[in-house]
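Chain residues, written in single-letter form:
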Amino acid sequence: MGDNDMRKDIFPVSGMSCASCAARVNKVLNKQDGVYEANVNYASATARVVYDPSRCTPSALRAAVRDAGYDLMTDAEAGTERVEVERGKEYALLRRQTVAAIVLAVPVVVMSAFFMDYAYVGYAVWLLSTMVVFGFGRRFYINAWRQLRHLSANMDTLVAGSTGVAYLFSVFNLLAPDFWLSRGIQPHVYFESASVIIAFILLGRLLESRAREKTSTAIRKLMGLQPKTVTRVTDEGESVIPVESVREGDVIVVRPGERIAADGTVCRGESYVDESMLTGEPLPAFKKQGDGVFAGTINQRGVLRFTAVKTGQDTMLSGIIRMVQDAQGSKPPVQQTVDRIAGVFVPVILLLSVVVFAIWWAFAPTAGFEHGILSMVTVLIIACPCALGLATPTALIVGIGKGAVNGILIKDASALETARRTDAIVLDKTGTVTEGRPVVTDMHWADGAGSGRAIFLSLEKNSEHPLAEAVVAALKDSHTVPVTDFANIPGRGVKGTVDGVTYYAGNEELLRENGIQADRDMAGKVAEWTEDAKTVVWFGGAGRVLAVAGIADRIKETSAQAVAMLHSMNIGVYMLTGDNEASAGYVARKTGIRHYKAKVMPDDKAAFVRQLQADGHVVAMAGDGINDSAALAQADLSIAMGKGSDIAMETSMMTILSSDLSKTAEAIRLSQLTMRTIRQNLFWAFVYNIIAVPIAAGVLYPLNGFLLNPMIGGAAMALSSVSVVTNSLRLKRKSILPVARRGDGAAGEVAGGGEDAVTRREYRIEGMMCDHCRAHVEDALNSIDGVSATVTLDPPLARIESSRELSVEYLQQIVSDKAGDYTVVEKE
């Protein structure tokens, strides 16, 4: 099959409840004749299919998926909406079932433990357990039956098997106790085990669902950038038509505040157009006749007429949409470690339980059947993957919650595992490394010209140029004066008359054309600012330059520190920007970034990320603009800065709510801690099964006559789940501030490193119980270079003298790592 014969589509899929469902749909699609490649993404509920349309149709794919028990929508837009509605309903149903199961499981446990000897209590327990197991837990039996029809098994199979056997065995014992009493065996019921298992597993599913309940809507928001209607100009006049009716060669009129509907060329009018969704730059671009405009950008000031050159799927905006779709769809399915393990674990446990029963029946003729049934039930109950099911989602919930508290919003749980392996990060400049808006950083006035501030402010208040807003903000404390004969001079600046004198504000060419030259001192200042890649606004009148203002997109205060932290973690930092070479080079020098590229368009950013990936790097991308969407989607880890565009935030796996770049390093540290906790949880869950399953099978019976009661097995299962949750909660006390390598300086130093002045501060230390505790904390604090610390027990204070400013987070990390579980609180 040649490349030209292939078709690539992305179809929404509904009905998937877990990652194994996605694996099932993926297997079904890949088996279809004519399908070259299928990739089902459970996180986004989509299937990306590459197929030969001459041998396979969307209808055939849908029929195959429906036969497997799911649904595939061929109408992508309508299908996506249906999937979102259905997933919202499914989450609400899961939440109701979980709450109800827990509420009913509690009285089942209490009555089973203390009141089973009372009349009719057993029947009440039976009734409540039936409601929990087959009412609120019916999803497990439905999914298990669906898997059985296709000769496969998953965790639902084991849940249904263990609870079903425990329930039926208990019903038999409740209704026919004489069967066991006549054989000298005291019958027990295990309704509480079945109910608790269902409640715990539902809770695990709910936690997992909460971890990724918000699916990405980036594609729909990108599509929403295109207006629904446009105004077309013909010989008969203007008419409003649907955007789908725009054709190449049509003349379109765009008024202030309206979005441009197609790529084209200006044929009449002048205006400033906000192209930040493409370039990421904060300054609108001045457009005049002959200049190009792009779909999705916003006309700001004047009225423009342009001739459509590219429409529909051919526009740059549509190209960005396709790149985002391809990058998202090409990623492998989200496969939780537990689901992969369950593929082997579940069949083995089911087989083992049958083997245990058979061995008991064969080798213990007198009580083998009874003991075999008990052992089989105990194996199924004790091996129920409650701890395995909770190992991943509980750690994720705690990790994601800790990230939110620290201003790191994690919207894709798989990002944590990816972030742990990241060794390269690509940064957008504007809004990520810099503040993303032009401000006056310097202003120099000629001798005796200070009285001209009011005139400068008045001129710029009337200006249409976006840089004027920065000047107005810098001169906001001045008053305004009446201006006559005001005029905007496109591409130059503005002019106006005050008290009979004409004044000019704009670029140097404007003043030079009107016979105004700068003196040596003024020219020297401008030269300095130009070297620092600042834009200069000139103000003059009456034959001389009165003032110059240097305007720049200021570098964020934490950017240099953030770059240093990333370097200390052996992560290569790359900066890409659509800005010019001078601005890019200046920002790179000031922040310590060693690799950067200027004048980069959106598709170039995505290509750069792909090249890094091809070189073997695990790449993170941090950006804030729509122009970063394709690169964010292409990256292994996508990070959006919180004050950026909604599209960047929706496309990304992580969002830094404060736009503080140093939070990217904290996010990577958080991922390391979270994944370590998940591995610990899985380890202990498996150790529990390795020890508990043989005991449940009865290996100790030949030695000491011990046979584990299923009730104890249920309690042990519950205890294993509690231990997993408790281990996950330990994450809350961990510091996520990265520790710099020796020689790189201590991570967490906020400002003032290298200053001669000594700062003295007091901190409250919580958790100290004795003088040994005090000594441990004091030793830990004094291990910091340049720090002198004294710790007292009563009151519990640490008095610290340091030549540099130290953050509470950094001090907390040092104390936690070297002293123990003590809490550092800054004294108010």
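The name given to the chain in an unreviewed UniProt entry is P-type Cu(+) transporter, and the organism recorded there is Leyella lascolaii. Reading the Sequence similarities (unreviewed entry) entry of the UniProt record for the chain gives the comment "Belongs to the cation transport ATPase (P-type) (TC 3.A.3) family. Type IB subfamily." Quoted verbatim from the Subcellular location (unreviewed entry) field of UniProt, the annotation for the chain is "Cell membrane".

Novice: How should I be thinking about the overall build of the chain in this particular structure?
Specialist: Helix and strand counts for the chain come out as 30 helices and 30 strands. Classification of the 828 residues of the chain by burial places 53% in the buried group. Counting contacts in the chain only where the partners sit at least 6 residues apart, residues at least 24 apart contribute 69% of the total. As displayed, the chain offers around 37,100 Å² of accessible surface, 54% of which is attributable to carbon and sulfur atoms.

Novice: Would you mind going over a nonpolar patch on the surface with me for this structure?
Specialist: Nonpolar side chains collect at one region of the surface, where Ile102, Val106, Val110, Phe114, Phe115 and Tyr118 lie side by side and expose about 600 Å² of accessible area between them. Following the sequence through the fold, Val106 ends up in helix 3 (residues 76–114).

Novice: What exactly am I supposed to notice about the nonpolar core here?
Specialist: For soluble globular proteins, nonpolar side chains are generally found buried alongside one another. Counting 72 residues, the largest nonpolar core has Met654, Val777 and Leu781 as the members making the most contacts within it. The greatest single-element share of this core, amounting to eight residues, is contributed by helix 26 (residues 663–697). Setting aside residues up to four positions removed in sequence, Leu781 forms contacts with Val787, Ala789, Val791, Ala798, Ile800, Leu811 and Val815. One finds Ala105, Val132, Ala194 and Ala199 within the second-largest nonpolar core, a separate group that totals 52 residues.

Novice: Just to check I follow, could you spell out the UniProt feature "transmembrane region" (unreviewed entry) in the chain for this structure?
Specialist: Per the UniProt record, "transmembrane region" (unreviewed entry) is found at residues 97–114, 120–137, 158–176, 188–207, 341–363, 375–401, 682–701 and 707–726. Within the segment residues 120–137, helix and strand shares are 89% and 0% respectively, and the terminal C-alpha atoms sit 24 Å apart. Segment residues 682–701 splits into 85% helix and 0% strand. End C-alpha atoms: 29 Å apart.

Novice: Which parts of the structure should I look at to understand the packing of aromatic side chains?
Specialist: Note on aromatic pairs: each is described by the distance of the centres and the angle between the planes. By the definition in use, this model includes 15 aromatic pairs. A ring pair is formed by Phe456 and Phe539, whose centres lie 4.6 Å apart and whose planes are at 5°; its orientation type is stacked. Here Phe539 lies in strand 20 (residues 535–541) and Phe456 lies in helix 17 (residues 453–462), a separation of 83 residues in the sequence. Phe539 shares its class with Phe456; the two are buried. Grouped by ring-pair contacts, the aromatic residues Phe134, Tyr141, Tyr167 and Phe191 constitute a single cluster.

Novice: Where do I start with the confidence of the model for the chain in this structure?
Specialist: Note that predicted coordinates carrying low pLDDT should not be read in detail. Mean pLDDT over the chain stands at 78; residues scoring 70 or higher make up 80%. Confidence drops under a pLDDT of 50 for residues 76–80, and excluding neighbours within four residues, the segment shows six contacts in the predicted structure. This stretch, residues 327–336, has a pLDDT under 50; its non-local contacts, to residues over four places away or in other chains, come to 30 contacts.

Novice: It is not clear to me how the pairing of strand 20 should be interpreted in this structure. Could you clarify?
Specialist: Within a regular strand, the side chains alternate between the two sheet faces. A large share of strand 20 lies buried, amounting to six of its seven residues. Taken together, the four bridges between strand 19 (residues 501–506) and strand 20 define a ladder with antiparallel strand orientation. Bridge pairing links Tyr503 to Gly541 in strand 20. Taking the residues between adjacent antiparallel strands as the criterion, strand 20 and strand 21 (residues 544–555) are bridged by two residues, where Ala542 takes a positive phi near 55°.

Novice: How should I be thinking about the pattern of salt bridges in this particular structure?
Specialist: Note that side chains of opposite charge can pair when their charged atoms are close. Within this structure, the stated rule accounts for 15 salt bridges. Between Glu762 and Arg799 there is a salt bridge, with its nearest N and O atoms 2.9 Å apart. Taken together, the residues span a long stretch of sequence, with Glu762 in strand 27 (residues 759–766) and Arg799 in strand 29 (residues 797–802) at a distance of 37 residues. Residue Arg799 is classed as partly exposed on the basis of its relative accessible area of 35%. Several salt bridges converge on common partners, so that one network encompasses Arg62, Arg66 and Asp71.

Novice: Is there a simple way to think about helix 22 (residues 581–591) in this case?
Specialist: Because each turn of an α-helix spans 3.6 residues, side chains separated by three or four positions in sequence point in the same direction. Among the residues of helix 22, those classed as buried are Ser583, Ala584, Gly585, Tyr586, Val587, Ala588 and Thr591. Considering only its buried residues, helix 22 is in contact with helix 16 (429–433), strand 16 (434–445), strand 21, helix 21 (559–568), strand 22 (572–576) and strand 23 (595–597). Remark: Gly592 follows helix 22 within two positions and exhibits a positive phi of approximately 85°.

Novice: How should I be thinking about the sheet that holds strand 24 (residues 619–623) in this particular structure?
Specialist: Remark on secondary structure: sheet strands pair via backbone hydrogen bonds, oriented parallel or antiparallel. Read across the open sheet, the seven strands follow the order 14-26-25-24-15-22-23; overall the sheet is mixed. Two strands bound the open sheet, and with one partner strand each, they are strand 14 (408–410) and strand 23. On average, adjacent strands in this sheet sit at an angle of 20° to one another, irrespective of strand direction. One ladder, built from three bridges, connects strand 14 with strand 26 (residues 654–656); its direction is antiparallel. Across the sheet, residue Leu409 finds its bridge partner in strand 26, namely Thr655.

Novice: Please explain unusual backbone geometry as it appears in this structure.
Specialist: In most cases, non-glycine residues show a negative phi, while peptide bonds are predominantly trans. Phi at Ala542 takes a positive value of approximately 55°, unusual for a residue other than glycine. Looking at the secondary structure, you find Ala542 in the loop between strand 20 and strand 21. Residue class for Ala542 comes out exposed when judged on its relative accessible area of 68%. With a phi close to 60°, Asn570 is a non-glycine residue in the positive phi region. Position of Asn570 relative to the elements: it lies in the loop between helix 21 and strand 22. According to the relative accessible area criterion, Asn570 is exposed, its value standing at 57%.

Novice: Hey, could you run me through a positive patch on the surface in this one?
Specialist: A cluster of basic side chains, namely Arg420, Arg421, Arg676, Arg679, Arg730 and Lys734, defines a positive patch on the protein surface. Of the residues examined, Lys734 reaches a relative accessible area of 34% and is grouped as partly exposed.

Novice: Explain the environment of Glu469 to me, please; I cannot follow it from the model alone.
Specialist: By the element assignment, Glu469 lies in helix 18 (residues 467–474). Relative accessible area serves as the criterion here: at 55%, Glu469 is assigned to the exposed category.

Novice: Is there a simple way to explain helix 26 in this structure?
Specialist: With 35 residues, helix 26 ought to run about 51 Å at 1.5 Å a step, and its terminal C-alpha atoms sit 50 Å apart, in line with that. Just beyond helix 26, the residue with positive phi is Gly698, at close to 100°.

Novice: Explain the packing of helix 29 (residues 771–782) against helix 30 (residues 808–818) here, please?
Specialist: Taken N-terminus to C-terminus, the directions of helix 29 and helix 30 make an angle of 125°; their axes are 9 Å apart at the nearest point. Between helix 29 and helix 30, the interaxial angle falls into the category oblique. As helix 29 packs across helix 30, the resulting crossing turns out to be right-handed. From helix 29, Val777, Ala780 and Leu781 reach across to helix 30, where they touch Leu811, Ile814, Val815 and Lys818. Grouping the amino acids of the contact of helix 29 with helix 30 by side-chain chemistry returns six nonpolar, no polar and one charged.

Novice: Sorry, what's going on with the environment of Leu72 here?
Specialist: With respect to the helices, strands and loops of the structure, Leu72 is situated in strand 4 (residues 71–72). As a C-alpha pair, Leu72 and Val13 span 59 residues in sequence and 4.5 Å in three-dimensional space. Filtering out sequence-adjacent residues up to four positions away, Leu72 remains in contact with Phe11, Pro12, Val13, Leu29, Ala47, Pro58, Arg62 and Val65.

Novice: Is there a simple way to explain the side chain of Ser271 in this structure?
Specialist: Among the secondary structure elements, Ser271 is positioned in strand 9 (residues 271–274). On the accessibility criterion, Ser271 (3% relative accessible area) is buried. Polar contacts involving the side chain of Ser271 include one to the side chain of Asn299, which spans 2.5 Å. Here Gly302 takes part through its backbone nitrogen, which lies 3.0 Å from a polar atom of the side chain of Ser271. The residues contacting Ser271, other than those within four sequence positions of it, are Ala285, Phe286, Lys287, Asn299, Gln300, Arg301, Gly302 and Leu304.

Novice: I tried to follow the sheet that holds strand 12 (residues 298–299) on my own but got confused; where do I start?
Specialist: One open sheet accounts for three strands, arranged 10-9-12; its pairing is antiparallel. Whereas interior strands pair on both sides, the edge strands pair on one side only; in this sheet they are strand 10 (285–287) and strand 12.

Calculation criteria
- Residues numbered from 1 in each chain as written.
- Predicted model: local features only at pLDDT ≥ 70, side-chain atom pairs only at ≥ 80, totals over all residues.
- Heavy atoms only, no water.
- UniProt positions renumbered as here; feature names shortened; annotations may be inferred.
- Helix = DSSP H or I, 4+ residues; strand = E, 2+ residues; numbered from the N terminus.
- Buried < 20%, exposed > 50% of the residue type's maximum accessible area, 1.4 Å probe, protein only.
- Contact = heavy atoms within 4.5 Å.
- Areas by Shrake-Rupley, 256 points an atom, 1.4 Å probe, with all protein chains shown as cover.
- Patch = residues over 30% accessible without salt bridge, like charges linked within 9 Å, V, L, I, M, F, W, Y side chains within 5 Å.
- Salt bridge = Lys/Arg side-chain N within 4 Å of Asp/Glu carboxyl O.
- Core = buried A, V, L, I, M, F, W, Y, C linked by side-chain atoms within 4.5 Å.
- Phe/Tyr/Trp six-rings, centres within 6.5 Å; stacked < 30°, edge-to-face > 60°.
- pLDDT = per-residue confidence, 0-100.
- Pairing = 2+ DSSP bridges.
- Axes fitted to C-alpha atoms, helices over the stretch in contact; angles between N-to-C directions.
- Lys, Arg positive; Asp, Glu negative; His and termini not counted.
- Charge placed at Lys NZ, Arg CZ, Asp CG, Glu CD.
- Expected span 1.5 Å × (residues − 1).
- Parallel < 35°, antiparallel > 145°, perpendicular 65-115°, else oblique.
- Left-handed = near helix turned anticlockwise from the far one by under 90°.
- Nonpolar A, V, L, I, M, F, W, Y, C, P; charged D, E, K, R; others polar.
- Polar contact = N/O pair within 3.5 Å; in protein donor to acceptor, adjacent residues only side chain to side chain.

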